[in-house]
Amino acid sequence: MKNMSRRTAIKAFMAGGAALAVSGVEAASGAARATEGKQPLKGNVRHSVSKWCFGDYKLDEFCEICKGIGIESVELLDPEDWAVVRKHGLTVAMAQGAGLGIDRGFNDPSLHDELVASYEKVIPMVAEAGLTNLICFSGRRNGATDLQGWENCEKGLSRLIPLAEKYNVVLTMELLNSVGHKDYLCDHTVWGVELCRRLGSPNFKLLYDIYHMQIMEGNVIEHIRKYSSYFSHVHTGGCPGRAEIDETQELYYPAIIKALMETGYKGFVGQEFVPKQADKIASLEKCIRICDV
């Protein structure tokens, strides 16, 4: 994931209610603005957010704003950022920092040695930081059939499962659409679930990205009800266009998250939409509250 450059516009309010227009980064005032006069979150959903969607904010400031809203995690961060998040009393629900990117994954046997070496280095770091989930990717299909893809990925990932089990780290393969991420292999829920079954370990699961799976297969609530036990993490995003998850979109997130919670899912729900409002923090809080069932 790459950071996106965005203009930042934050308004903070002083304790007496006087408005103060600010420029730059003011973590304390940003956090205060996020909580002023607002009802606390219900506590049923573990909320996270992908930092890359809010690229202009410094991580320290963004963490304080997230705390003010009631978000527990800032995710998709590399190892050098994990301590910053922990310093603010938050966690990194989905860590990154190993592998060769989305396109070069475990479907390519020629990459297995390099991938294994990378994950062998980072898995202990994840555990030492007190984290659990580490993202991984299938990579491109490159002409492979579904069966060949399962066999290739199983062969590479099975070399890492004993280490993941030793450190209690969950290798988590993201389900992505193969339209925007052209030729990506792990692009349907049932394909990912079958890979989970073949590996047969609780330390390999899926990142169920609702935005991506709406593009590829739809029927989101039914897939959640059938397969949520194979999910270690969930991502949101408006469809079409990864927009804000409000009434302008074809997905109704209150029903989706309610169905997810009814399955007994205990993982995080990570917001991964691109803010459209000038006030990106207002967008974030709005979408958090939409999912706070």
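Above this text sits the structure in question.
Because the structure is predicted, anything quoted here is derived from the model rather than measured.

Undergrad: Provide a residue-level description of the environment of Cys53, including the pertinent values.
TA: Structurally, Cys53 can be placed in the loop between strand E3 (46-50) and helix H2 (59-69). Take Cys53: its relative accessible area is 0%, and that puts it in the buried class. The spatial distance from the C-alpha of Cys53 to the C-alpha of Gln271 is 9.0 Å, given a sequence separation of 218 residues.

Undergrad: How would you explain the pairing of strand E9 (residues 268-271) if you had to name every residue and give the values?
TA: Judged by which residues are buried, E9 turns out to be covered on both faces: Phe268 and Gly270 on one side and Val269 and Gln271 on the other are all buried. Relative to E9, E3 runs parallel, the two being bridged by 4 bridges. Across the sheet, residue Val49 finds its bridge partner in E9, namely Gln271. Here strand E8 (residues 231-235) runs beside E9; their pairing, made up of 3 bridges, is parallel. When the bridges of E9 are listed, Val234 appears paired with Val269. Read from E8 through helix H10 (residues 253-262) to E9, the crossover connection turns out right-handed.

Undergrad: Residue-level account of the side chain of Ser73, with values.
TA: Looking at the element boundaries, Ser73 is found in strand E4 (residues 73-75). A polar contact of 2.7 Å, which involves the side chain of Ser73, links it to the side chain of Ser48. Side-chain polar atoms of Ser73 contact the backbone oxygen of Thr91, separated by 3.3 Å.

Undergrad: Give a description of the pattern of salt bridges that names residues and reports values.
TA: Under the definition given, this model contains 12 salt bridges. Taking the shortest distance from any N to any O, the salt bridge between Arg140 and Asp103 comes out at 3.5 Å. One end of the pair, Arg140, is in the loop between strand E5 (133-136) and helix H5 (146-157); the other, Asp103, is in the loop between helix H3 (79-87) and helix H4 (112-128), and 37 residues separate them in sequence. A residue is classified by how much of its surface remains accessible, and Asp103, at 38% relative accessible area, is partly exposed. For Lys286, the salt bridge identified is with Asp246, shortest N-O distance 3.0 Å. Highlighted residues: Lys286 in helix H11 (residues 280-291) and Asp246 in the loop between E8 and H10, separated in sequence by 40 residues. Overlapping salt bridges, with partners in common, bring together Lys38, Glu285 and Arg289 in one network.

The rules we used
- Residues numbered from 1 in each chain as written.
- Predicted model: local features only at pLDDT ≥ 70, side-chain atom pairs only at ≥ 80, totals over all residues.
- Heavy atoms only, no water.
- Helix = DSSP H or I, 4+ residues; strand = E, 2+ residues; numbered from the N terminus.
- Buried < 20%, exposed > 50% of the residue type's maximum accessible area, 1.4 Å probe, protein only.
- Pairing = 2+ DSSP bridges.
- Right-handed = clockwise from strand over helix to strand, strands pointing away.
- Polar contact = N/O pair within 3.5 Å; in protein donor to acceptor, adjacent residues only side chain to side chain.
- Salt bridge = Lys/Arg side-chain N within 4 Å of Asp/Glu carboxyl O.

Scope: geometric values only; no functional claims are made or implied.
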